[in-house]
Amino acid sequence: MCGIIGAVNQGLVNQDIYDGLILLQHRGQDAAGMVTSDGRQLFLRKSNGLVQNIIRQKHMLRLKGPMGIGHVRYPTAGSSSQAEAQPFYVNSPYGIVLAHNGNLINADKLKKELWVTDLRHLNTQSDSEVILNVFAHELEKSHKINLTKEDIFRAVTEVHRRCVGAYAVIAMVVGYGIVGFRDPNGIRPICVGRRESDNGPEYMIASESVALQALGYQLINDIAPGEAVFISQKSDLQRQQCAATTSLNPCIFEQVYLARPESILDKILVYKVRLKLGDLLAQKIQKEWKNHDIDVVMPVPDTSRTAAYSLSLRLGVKYREGLVKNRYIARTFIMPGQQVRKKSVRRKLNTIELEFKDKNVLLVDDSIVRGTTCNEIIKMAREAGAKNVYFASAAPQVRHPNVYGIDMPVAEELIAHNNTTEEICDIIGADRLIYQDLDDLIKAAKEGNPDIERFEDSVFTGEYVTGGVDESYLQKIANLRRDSGKVSDEPEDYATIDLHNGEE
Ligand code: PIN
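Residues numbered from 1 in each chain as written. Predicted model: local features only at pLDDT ≥ 70, side-chain atom pairs only at ≥ 80, totals over all residues. Heavy atoms only, no water.

1. What about the domain arrangement of the chain?
Where interface size is given, it is often the accessible area lost as the parts come together that is meant. How we decide: An automatic or database domain assignment supplies the residue ranges for each domain. Defined in terms of a 1.4 Å probe, buried area is the accessible area two parts forfeit on being brought together, summed over both. In the analysis that follows, any N or O atom pair within 3.5 Å is treated as a polar contact, provided that within protein one partner can donate a hydrogen and the other can accept it, and provided that, for residues neighboring in sequence, both atoms belong to side chains.
Domain boundaries assigned for the chain yield domain 1 (3-249) and domain 2 (270-457). Computed from C-alpha coordinates alone, the two centres of domain 1 and domain 2 are separated by 34 Å. Between domain 1 and domain 2 the total buried area reaches about 1,200 Å² when both faces are included, carbon and sulfur atoms providing 60% of it. Taken as a group, Gln29, Tyr74 and Asn249 account for 39% of the area that domain 1 buries against domain 2, more than any other trio of residues on that side. Linking domain 1 with domain 2 are three residue pairs in polar contact (both at pLDDT 80 or more), by the criterion used here.

2. What to know about the sheet that holds strand E13 (residues 237-241)
Let me state the cut-off plainly: In this analysis, strands are considered paired if DSSP registers two or more bridges between them. The secondary structure listing takes helices from DSSP runs of H or I that are at least 4 residues long and strands from runs of E that are at least 2 residues long, numbered from the N terminus. Geometry is summarised by axes, namely lines fitted to C-alpha atoms with helices restricted to the contacting stretch, and by angles between N-to-C directions that run from 0 to 180 degrees.
Taken in spatial order, the six strands line up as E5-E6-E7-E8-E12-E13 in an open sheet, and their pairing is antiparallel. If you trace the sheet from one side to the other, it starts and ends with strand E5 (88-90) and E13, each paired once. On average, each strand axis in the sheet is inclined to that of its neighbour by 20°, with strand direction left out of account. Pairing of strand E8 (residues 177-182) with strand E12 (residues 227-232), which is carried by five bridges, proceeds in the antiparallel orientation. Residue pairing for E12: Ile178 is matched across the bridge by Ile231.

3. Quick notes on the packing of helix H4 (residues 107-116) against helix H5 (residues 127-140)
Our working definition: For classification purposes, an angle smaller than 35 degrees is called roughly parallel, one larger than 145 roughly antiparallel, one from 65 to 115 roughly perpendicular, and anything else oblique. Here a crossing is called left-handed whenever its near helix is offset anticlockwise from the far helix by less than a right angle, and right-handed whenever the offset is clockwise. Residues are treated as being in contact if the distance between any of their heavy atoms lies within 4.5 Å. Three categories are distinguished: nonpolar for Ala, Val, Leu, Ile, Met, Phe, Trp, Tyr, Cys and Pro, charged for Asp, Glu, Lys and Arg, and polar for the others, with Gly belonging to the last.
For the pair H4 and H5, the least separation of the axes is 10 Å and the interaxial angle reads 45°. Between H4 and H5, the angle falls in the class oblique. Relative to H5, the crossing made by H4 is left-handed. When H4 is examined against H5, the residues Ala107, Leu110, Lys111 and Leu114 are found in contact with a partner set consisting of Asp127, Val130, Asn133 and Val134. Classifying every residue of the contact of H4 with H5 by side-chain character gives five nonpolar, one polar and two charged.

Written as structure tokens, this is what we have:
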């Protein structure tokens, strides 16, 4: 999962892109980057690390111009080297930079085509660079010095024809403007907003509406599956459907955990879904465990707070915060390797004994993925004196790898892949384990937008909306992960084509 942002302003754009990236930081903490343009030149700063550590004042002073794009990365394919920090750049045609969230499932085929047929060189393993080169190649076919929006829409149409998978993309073409587009299945989120200024309208495109709201842009709407939104350098917005067949299948995991609660994705307020998830989970407990002896409902901070609260309300059981999170430690979900993940739980969470001592505690988390953190948390609850520790997951069993940009590529790493709920309960050391039903998760999300017929929910079902995901593909991405170990081990001076990256 990554976060992307782009804007065209009447004045300097750098502060908006910076602030937007900070608002999207939860979508990836591995690398950050921003590129702006004054219409003739590109100014770029990107590297591995958090936004605030990568883009500093001296870089901001160099990031000139009224339009720009930015990216925060959580790696899903390839390595996490500095060379793969985004946005990516290609000089021809026109000078294009691009930021992408998602994952292509036909990247290998495209890489071959790009090399053999399109005569284009790729310098990284990232499929974002693949999309950039496909887009650039298709734009080049216009072969003229004055590009029109029709040329851009035609190039996006060709991207849709060639690329299979999940992609929310923002590209900037030097001298012309920025373009945002979304794959024909609408898997990853992307939305567009408008702000009025004294000198005319300003536009922003972002992964999540939280970035727009906080920066004073009015959310216009989501980019539709297959659609492209072009905002010219003069801040004129044009949009067009660029795919032959489309359907909206937004990733349901965004609702469970990935997105911020205040975001509205495809018209669904994430916070409301999480409230509903707690409510439905409580109803399941009432149905299946009539004589429960839960004394206290407790969230595993932070994401699950909303669901734990509504769960406690419906159950009529006290809500208590007995686990305290150190806010200066990044999510453990993003830590490389199982061992590190286990250890980091204790650095991240502390217990307040008062809330556990001699009580039957129901811990609520947003999901159980690998099961490593809940195992540790349950131990901590017992050490703090809990009589019984029950565990509830606001999402159903995560059984299958994700191939659309969420970092869950290896089936065997998922605790529910080969274990029954009873077995999982044993493994994590809980006295009882309750999972949300998939129907209820879908119901909670659909309530926000009844027009959505199908969510991308492959981690729960093993059904992949794009097709083309077979055993051999799943094996390939699992092996890629095993090989790379997902550790940033590239030397800092890794050969990379660098465009005024604003290094020290
Ligand atoms: C919590 C995010 N949430 C916590 C992510 C842990 C699964 N994990 C998914 C639970 S927050 S595990 O947003 O950081 O507050 O099952 O893989 O151990």
